[in-house]
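Residue-level structural notes
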Amino acid sequence: MRVITREQESNRRFMEHFKKTLLTVCQVILWLMFLCAINDPGMVGPRPEESIYHTYAFLLQPVYTLGGYLILPVQWLFVKAGWYHPELAAHSWFPISTATSFSAFVTPMGWGSVFKPDLFQGTLIWWVPIASVTLSVGVRVGGYMAEHGRNWLWNVMIEYIFQRKKAKLYQKALTEKNKDLERMSSQYRELAQETHSLKDSVITDELTKVFNKRFFLNRIQQEFNACKQHGSMLSLIMVDIDFFKKLNDNYGHLAGDQVLKSVAQVLKRFSPDQCYPCRYGGEEFVIIMARKTLEQTIEAARLIQENVQQLRFDDIDKKLRVTVSQGICTVDFSSPESASIKKFESLLELADQQLYRSKQEGRNRVSANYITDRHK
């Protein structure tokens, strides 16, 4: 809906008044020219010396000139439309003719007594009323067309502005939505990272970054049940750092923590896939190895033993060397011998017994217990 301000309404009224005034002035000029022309002897011949038109020529000339300028476009329009042929003007009553020819033309119609040959003393100037009517009709038609054209143009502009504004609002809304999606995506990533970190903090030992005891107790129960159900092998490797208490006493707990972290990294690196190194407590670790043979388990333990011995701690003491003792227990749940292993705690106890055996036999070694009847 178009809103018109008071100033715009005032301007519109002024323009309407100005157009009406201008039209009135033009009509006055045309009809003044008509009245003068139909009584002016100079229209059909020379004016007498005593003619009043010689005296008022300074007034007539401007009227004729202005009237001629107003008639000229109407003549041009009639010529272009084919309604008037200048070369035939002398032999035709329309739109200009002599009074004699016009009287002869209308006499058969019964108007001869009214339009006499000496009417108006000469030439009938029909361009003036034609121009007057054309001017009146043209102004109204032109005004009507101009109003509709202006309204159409205004509607087009309003529609264009509306569409532009709508497009900008849509683009702004789309930008805001993209920002919201990016913000939500960022929040989701942060939440995922926090969830992952929280999950890690729940199942990961804070110092060594291997799995903690809580994870071990939950996972060993799952693996024990699965291996027992499917008749698979399940192994545990108990790992203990040799003389760790003495190391703490000699070098301090910070040095002990560094040793724990280094040993844990070796366990993570050399534990086979789908195996889980966990910190069981203090300097003791345990590795869950499901569906691995005794040979594979012993091989992993040997690699861990060798690589722990290669660790160096120059920032603590260049001469410091660390070793580990390991105890292995492997159960083949497809064997009848495994019937005695009813809980994972039994398996853990057997692995701990082998660890104690390694310590008793001098440390830095691997001892194993294999529960199966396949060799019998």
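Note that this is a predicted model, so its numbers are computed, not measured.

Regarding the side chain of Asp-240
By the secondary structure assignment, Asp-240 is in strand β3 (residues 233-241). Non-local contacts of Asp-240, meaning those with residues more than four positions away in its chain, are made with Glu-283, Glu-284, Thr-323, Val-324, Ser-325, Leu-355 and Lys-359.

Side note on the pairing of strand β7 (residues 366-371)
The sheet contact formed by strand β6 (residues 324-332) and β7 spans 6 bridges and is parallel. Among the inter-strand pairings, Ile-328 is bridged to a residue of β7, identified as Ala-368. Considered for its hand, the β-α-β crossover made up of β6, helix α10 (residues 344-360) and β7 is left-handed.

A short note on the sheet that holds strand β5 (residues 284-290)
On the basis of which strands lie adjacent, the open sheet formed by 5 strands has the order β4-β5-β3-β6-β7 and mixed pairing. Single-partner strands in this sheet number two, and they are β4 (275-281) and β7. Averaged over all adjacent pairs, the angle separating strand axes in this sheet is 15 degrees, with direction ignored. Across 6 bridges, the pairing between β4 and β5 is antiparallel. Each residue of the ladder has a partner; that of Tyr-276, found in β5, is Ile-288. On the sheet, helix α6 (residues 213-230) packs against β3, β4 and β5 and is oriented at approximately 135 degrees with respect to β4.

Considering the packing of aromatic side chains
Geometrically, a pair of aromatic rings is defined through the distance of the ring centres and the angle of the planes. Throughout the structure, instances matching the rule amount to 6 aromatic pairs. Aromatic pair Phe-14 and Phe-18: ring centres 6.5 Å apart, planes at 20 degrees, arrangement stacked. With Phe-14 and Phe-18 both in helix α1 (residues 6-38) and 4 residues apart, the pair spans about one turn of that helix. Ring geometry for Phe-224 and Phe-333: centres 5.3 Å apart, planes at 90 degrees, overall edge-to-face. Taken together, the positions of Phe-224 in helix α6 and Phe-333 in the loop between β6 and α10 put the pair 109 residues apart, joining distant regions of the chain. The burial state of Phe-224 is the same as that of Phe-333; both residues are buried. Grouping aromatic residues by their ring pairs yields a cluster made of Phe-211, Phe-215 and Tyr-276. The ring centre of Tyr-280 lies 4.6 Å from the NZ or CZ of Lys-213, which sits over that ring.

As for the confidence of the model for the chain
In this model, the chain carries an average pLDDT of 81, and 82% of its residues clear a pLDDT of 70 or more. Under a pLDDT of 50 for its full length, residues 90-99 has, in the predicted model, 26 contacts with residues more than four places off or in other chains. Below pLDDT 50 for its whole length, residues 120-124 participates in 16 contacts with residues either more than four positions away or in separate chains.

Rules and cut-offs
- Residues numbered from 1 in each chain as written.
- Predicted model: local features only at pLDDT ≥ 70, side-chain atom pairs only at ≥ 80, totals over all residues.
- Heavy atoms only, no water.
- Helix = DSSP H or I, 4+ residues; strand = E, 2+ residues; numbered from the N terminus.
- Contact = heavy atoms within 4.5 Å.
- Pairing = 2+ DSSP bridges.
- Right-handed = clockwise from strand over helix to strand, strands pointing away.
- Axes fitted to C-alpha atoms, helices over the stretch in contact; angles between N-to-C directions.
- Phe/Tyr/Trp six-rings, centres within 6.5 Å; stacked < 30°, edge-to-face > 60°.
- Buried < 20%, exposed > 50% of the residue type's maximum accessible area, 1.4 Å probe, protein only.
- Lys NZ or Arg CZ within 6 Å of the ring centre and 35° of its normal.
- pLDDT = per-residue confidence, 0-100.

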